[in-house]
Amino acid sequence: MQRYIGIDLGGTNIKGALVSETGKILKQRSVPTHTEAGAEAVTKTIAAMICALAEGDYVSGVGMGCPGTVDDQEGTVVYACNLGWVHYDVRTALRELTGYSVRLVNDANAAALAEAAVGAAKGAQSAVVVTLGTGVGGGVVLNGKLLTGFTGAASELGHMTIVADGEPCACGQKGCFETYASATALIRMTREAMAQHPQSALHRIAAENGGVDGRTAFLARQVGDAAGGEVVRQYIHYLAIGVGNIVNILFPEVVALSGGIANQGENLLAPLREEVAQREYGAAYSKKHPRILCCTLGNDAGVIGAALFAKD
Ligand code: BGC
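This text gives an overview of the structure that appears in the document. Nothing here was measured: the structure is a model prediction, and the numbers come from that model.

## As for the overall build of the protein chain
Okay, step 1: Along the backbone of the protein chain there are ten helices and 13 strands.
Okay, step 2: The C-alpha atoms of the protein chain give a radius of gyration of 20 Å, which matches the 20 Å a tight globule of 312 residues would have.
Okay, step 3: With the principal axes as the frame, the protein chain shows a C-alpha extent of 55 × 45 × 35 Å.
Okay, step 4: Excluding contacts between residues fewer than 6 apart, the proportion of contacts in the protein chain whose partners are at least 24 apart in sequence is 61%.

The following block contains the structure:
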């Protein structure tokens, strides 16, 4: 049985795992990223994790998922706005530190590979995974193959424009899907509602849970709070615009959502499906529709997908 190491480099944590060729996690590690310490320091942390995971095992390959555009042929992170990395030759740095030649894949592409192989979209002919975290990522798997685009930069679903001249995005554009559908965006909308509605239950719920997070508005809605309900409605509306675009462009069998917000399950999915169905071209005349689901691998999708990418 071959074993691979998968690394999931995130803005908050670096996760790593030793993974079997069938996508089973055998060993796992997670450490904070400390992006502010710079690319070289982060690379050293990744290298130490790879060495710890490899100890005592024969490793057939190492893959790493990174946010942003990666070039697996060149071995570089081309542009990762949320990490502040531009044209960084991470493969050479990691080879010098670990001896492994690390394969590079976008983080959401890695998650999509994993969900298609062993998660929510297993057995589906085509699937799109949308990751709702600090940013919004996208991965498209068609007939078991990852859609890479010309250079590997596909598919930056978080940076499609959904509101003309809308909210500013970290990428420099305005109105990106990410600025309306990420956890960061949901928190921003929740804070705005709190400022406008001093009597809202949002304040009590945020205080009880140590601050505003992606759950605050959903919890407020559950207790009948009008301001919380309106935040959730707005958020799902924006999410539905993006998912509706994805459906009309690719018409995949499955659209699977991941990230903490996806833990809302049917509270999120039921209204989302309803609005996406209204946006799906010709929906009234089709017998089959994309299934909108939550991912099933949770935080493990990134490491499993990175390992599977190294295998292929
Ligand atoms: C980046 C994507 C990434 C996503 C999730 C976005 O801002 O552009 O490449 O997949 O965040 O990390």
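Resuming the write-up.
## A few points about the pattern of salt bridges
Two side chains with opposite charge may pair up if their charged atoms get near one another.
Okay, step 1: Evaluation of the coordinates by the stated rule reveals 13 salt bridges.
Okay, step 2: One salt bridge connects R3 with D57, and the closest N-O pair in it is separated by 2.5 Å. One end of the pair, R3, is in strand β1 (residues 3–9); the other, D57, is in the loop between α1 (39–54) and β4 (61–66), with 54 residues separating them in the sequence.
Okay, step 3: R3 gets classed as partly exposed once you look at its relative accessible area, which sits at 26%.

## Focus on the site of the ligand
Okay, step 1: If you check the shell around the ligand, you find P67, G68, N82, N106, D107, A108, G135, V136, G137, E156, H159 and E178 and nothing else.
Okay, step 2: At 2.7 Å from an oxygen atom of the ligand is found a main-chain nitrogen or oxygen belonging to G68.
Okay, step 3: For the ligand, an oxygen atom lies 2.7 Å from a polar atom in the side chain of E156.
Okay, step 4: Considered on its own, the ligand offers 310 Å² of accessible surface; in the complex 90% of this is hidden by protein.
Okay, step 5: Residues of the shell around the ligand, tallied by class, amount to three nonpolar, six polar and three charged.

## Quick notes on the environment of H87
Okay, step 1: If you trace the backbone, H87 turns up in strand β7 (residues 85–88).
Okay, step 2: Separated by 216 residues in sequence, H87 and V303 place their C-alpha atoms 23 Å apart.
Okay, step 3: Ignoring sequence-local partners within four residues, the contact set of H87 consists of V77 and V78.

## With respect to the nonpolar core
Okay, step 1: Within the largest apolar cluster, 47 residues are counted, with the highest numbers of intra-cluster contacts made by V130, L132, Y235, L239 and L257.
Okay, step 2: The biggest single contributor to this core is helix α8 (residues 226–250), with twelve residues.
Okay, step 3: Sequence-distant contacts of Y235, that is, excluding residues within four places in its chain, are made with L132, Y180, A181, S182, L186, M189, I261 and L268.

## A look at the packing of α1 against helix α2 (residues 90–98)
Okay, step 1: Packing of α1 against α2 leaves a shortest axis separation of 9 Å and a crossing angle of 50°. Comparing the axis directions of α1 and α2 gives the class oblique. The element α1 and its partner α2 pack so that their crossing is right-handed. Residue-level inspection shows T43, K44, I46, A47, I50 and C51 of α1 in contact with α2, the latter providing V90, A93, L94, L97 and T98.
Okay, step 2: Class assignment of the residues belonging to the contact of α1 with α2 gives a composition of eight nonpolar, two polar and one charged.

## A few points about the pairing of strand β9 (residues 126–132)
Okay, step 1: The element β9 is extensively covered by neighbouring structure, given that seven of its seven residues are classed as buried.
Okay, step 2: In terms of strand pairing, β9 meets strand β10 (residues 136–142) through seven bridges, oriented antiparallel. By the bridge assignment for β10, S126 is matched with L142.

## Side note on the sheet that holds β7
Backbone hydrogen bonds hold the strands of a sheet together, and the pairing may be parallel or antiparallel.
Okay, step 1: Read from one edge of the open sheet, three strands run β5-β6-β7, paired in antiparallel fashion. Only two strands of the sheet have a single neighbouring strand rather than two, namely β5 (69–71) and β7. In this sheet, adjacent strand axes meet at a mean angle of 20° when their direction is disregarded.
Okay, step 2: Looking at chain direction, β5 and strand β6 (residues 76–80) are connected through three bridges and run antiparallel. Bridging from a neighbouring strand, T69 pairs with Y79 of β6.

## What to know about the pairing of β1
Side-chain positions along a regular strand alternate between the two faces of the sheet.
Okay, step 1: When you tally the buried positions in β1, you get six out of seven residues, the bulk of the element.
Okay, step 2: Bridge analysis of β1 against strand β2 (residues 13–20) gives seven bridges, and the strand direction is antiparallel. By the bridge assignment, I5 is partnered in β2 with L18.
Okay, step 3: In terms of strand pairing, β1 meets β4 through five bridges, oriented parallel. Bridge pairing in β4 links I7 to M64.

## With respect to helix α10 (residues 301–311)
Okay, step 1: Counting buried residues along α10, ten of its eleven residues qualify, which places the element largely inside the surrounding structure.
Okay, step 2: Listed in full, the buried residues belonging to α10 are A301, G302, V303, I304, G305, A306, A307, L308, F309 and A310.
Okay, step 3: Contact partners of the buried residues in α10: β1, β2, β3 (25–32), β4, β8 (103–106) and α3 (107–118).

## Focus on the environment of R91
Okay, step 1: Tracing the backbone through its elements, the reader meets R91 in helix α2.
Okay, step 2: R91 sits twelve residues away from R103 along the chain, and the two C-alpha atoms are 7.7 Å apart.
Okay, step 3: In contact with R91, not counting residues within four places along its chain, are D72, Q73, E74, G75, S101, V102, R103 and L104.
Okay, step 4: Within the local environment of R91, its side chain forms a polar contact with the backbone oxygen of D72, the two atoms lying 2.6 Å apart.

Here is what the cut-offs are and how they apply
- Every chain begins its residue count from 1, and numbering advances along the sequence as written.
- Side-chain atom pairs in this predicted model are given and counted only at pLDDT of 80 or more, local residue features only at pLDDT of at least 70, and totals for whole chains, interfaces and linings cover all residues.
- The basis for the side-chain values is all heavy atoms of the structure; hydrogens and waters are excluded.
- Only DSSP runs of H or I covering at least 4 residues are called helices, and only runs of E covering at least 2 are called strands; the numbering of each starts at the N terminus.
- Throughout, radius of gyration means the C-alpha value; the globule benchmark is 2.2 Å times the number of residues raised to the power 0.38.
- Note on contacts: a residue pair qualifies if any of its non-hydrogen atoms lie within 4.5 Å across the two residues.
- A pair is scored as a salt bridge if a Lys or Arg side-chain nitrogen falls within 4 Å of a carboxyl oxygen belonging to Asp or Glu.
- Exposure is judged per residue with a 1.4 Å probe applied to protein chains only, and the accessible area is read against the type maximum: over 50% gives exposed, under 20% gives buried, and values in between give partly exposed.
- Proximity criterion: a residue is near a molecule or strand once any of its heavy atoms comes within 4 Å of it.
- The definition of a polar contact used here is a pair of N or O atoms within 3.5 Å, where within protein one atom must be able to donate a hydrogen and the other to accept one, and adjacent residues in sequence count solely through side-chain atom pairs.
- Surface accessibility in these figures is a Shrake-Rupley result with a 1.4 Å probe; residues are shielded only by whichever protein chains are displayed.
- For this scheme, ten residues count as nonpolar: Ala, Val, Leu, Ile, Met, Phe, Trp, Tyr, Cys and Pro. Four count as charged, namely Asp, Glu, Lys and Arg, and the remainder, Gly too, count as polar.
- We define the nonpolar core as a collection of buried residues of types Ala, Val, Leu, Ile, Met, Phe, Trp, Tyr and Cys that are connected through side-chain atoms lying within 4.5 Å of one another.
- Only the stretch in contact is used when fitting a helix axis, every axis being a line fitted to C-alpha atoms; angles between N-to-C directions are given from 0 to 180 degrees.
- For classification purposes, angles smaller than 35 degrees are called roughly parallel, those larger than 145 roughly antiparallel, those between 65 and 115 roughly perpendicular, and all remaining angles oblique.
- Helix crossings are classified by the rotation of the near helix relative to the far one: an anticlockwise turn of less than a right angle makes the crossing left-handed, while a clockwise turn makes it right-handed.
- Pairing between strands requires that DSSP locate at least two bridges from one strand to the other.

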